[in-house]
Amino acid sequence: MIEQTLILIKPDGVQRALIGKILSRFEDAGLKIIGMKMQWVDEEFAEKHYKDIKERYDEKIFNNLSEYIREGPVLAIVLEGVSAIPIVRKMVGSTYPSEAQPGTIRGDYSHISKEHANKHNKKVGNLIHASADEKDAKHEINLWFTKEELHTYTRTDEFHLV
Ligand code: UDP
Ligand code: MG
């Protein structure tokens, strides 16, 4: 099934100048970019985007995450493709870079562990966000993009079903 999913290149990904490298992975895999914008997140928007984090974790993790996502501009992208939601999650890798497999974005461009970050009171920089499931993808795409900001076009390689 053709799905749409939202990714964010988080402030550390933007500031480490990894936008091109990260996006080319998705483009190379045949995923189609149908929307893209750079934006600063404010507290209210962070709360909306990460609406279940307080329940899934706690207030402290949410506050850290909210601070992290507001450190600089983020790049929001909607990707479209066959089973795009799970495929993109697979390409992104595990939440903690120390546990993310080589070959994944988090595994290839970061290595920090949760323990090390906690010990030094630093945030876990894991570069990228990706919608977890269909429900989240719908919520997040609606939150970040209007209908007019999402585009329909044909990639030249669609003939070969990449
Ligand atoms: N996070 C964190 N410490 C934690 C759990 C989560 O810093 O113990 C941050 C991390 O940046 C993560 C985000 O919160 O990417 C959202 O958490 P989630 O469990 O949804 O992980 P993801 O879906 O991003 O892998
Ligand atoms: Mg998540």
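Counting restarts for each chain: residues are numbered from 1 in the order of the written sequence. Chains carry letters and ligands carry numbers; both start at the beginning, A for chains and 1 for ligands, and go up in the order they are written. Note on the predicted model: pLDDT of at least 70 is required for a residue's local features to be given, and 80 or more for side-chain atom pairs to be given and counted; whole-chain, interface and lining totals, by contrast, use all residues. Values shown for side chains rest on all heavy atoms present in the structure; no hydrogens or waters enter the calculation.

Caption draft 1: Structural view of the site of ligand 1. Summary of the distance rule: residues count as near a molecule or strand when at least one heavy atom falls within 4 Å of that molecule or strand. Of all residues adjacent to ligand 1, which total 13 residues, the nearest are R56, Y57, T95, Y96 and N126. Between N or O atoms, a polar contact is any pair within 3.5 Å; within protein, one atom must be a potential hydrogen donor and the other a potential acceptor, and residues adjacent in sequence are included only when both atoms are from side chains. Between ligand 1 and R56 there is a distance of 2.5 Å, counted from an oxygen atom to a side-chain nitrogen or oxygen. Between Y96 and ligand 1, the recorded distance is 2.5 Å, taken from a side-chain N or O atom to an oxygen atom. For ligand 1, the protein covers 91% of the area, taking 490 Å² as the surface of the free molecule. Residue assignment for the shell around ligand 1 shows that the elements contributing at least two residues are α4 (53-56) and α5 (59-69). Elements are defined by DSSP. Helices are runs of H or I of four residues or more, strands are runs of E of two residues or more, and each kind is numbered from the N terminus. The greatest single-element share of the shell around ligand 1, amounting to 3 residues, is contributed by α5. When the residues that make up the shell around ligand 1 are grouped by side-chain class, the tally is 6 nonpolar, 2 polar and 5 charged. Accessible surface is estimated by sampling points in the Shrake-Rupley manner with a 1.4 Å probe; for residues, cover comes only from the protein chains shown. Side-chain classes are defined by residue name, with Ala, Val, Leu, Ile, Met, Phe, Trp, Tyr, Cys and Pro counting as nonpolar, Asp, Glu, Lys and Arg as charged, and the others, Gly among them, as polar.

Caption draft 2: Here's a closer look at helix α9 (residues 134-144). With a 1.4 Å probe rolled over the protein chains alone, any residue whose accessible area is under 20% of its type maximum counts as buried; one over 50% counts as exposed, and the rest are partly exposed. Among the residues of α9, D136, A137, E140, I141 and W144 are the ones counted as buried. The buried residues of α9 all sit within an arc of 125° when viewed along its axis, so they share a single face. In this structure, α9 carries E134, K135, K138 and N142 as exposed residues pointing more than 90 degrees from its buried face. Where α9 begins, the side chain of D133 points an oxygen toward the backbone nitrogen of K135, at a separation of 3.3 Å. Directions are taken from the helix axis to each C-beta atom, and the arc is the one they span.

Caption draft 3: Examining the packing of aromatic side chains more closely. Only Phe, Tyr and Trp rings are paired, with Trp represented by its six-membered ring, and only when their centres lie within 6.5 Å; those with planes under 30 degrees apart are stacked, over 60 edge-to-face, the remainder tilted. For the coordinates displayed, the defined rule picks out 1 aromatic pair. Note on F45 and W144: the rings are 4.7 Å apart at their centroids and 85° apart in plane angle, and the pair reads as edge-to-face. You can see F45 sitting in helix α3 (residues 43-49) and its partner W144 sitting in helix α9, a full 99 residues away along the chain. With a relative accessible area of 3%, W144 lands in the buried category. For the cation-ring pair, K37 lies above F145, with the distance from its terminal atom to the ring centre recorded as 4.8 Å. For a Lys NZ or an Arg CZ to count as sitting over a ring, it must be within 6 Å of the ring centre and within 35 degrees of the ring normal. One residue, K54, lies across the ring of F62, its end atom 4.7 Å from the ring centre.

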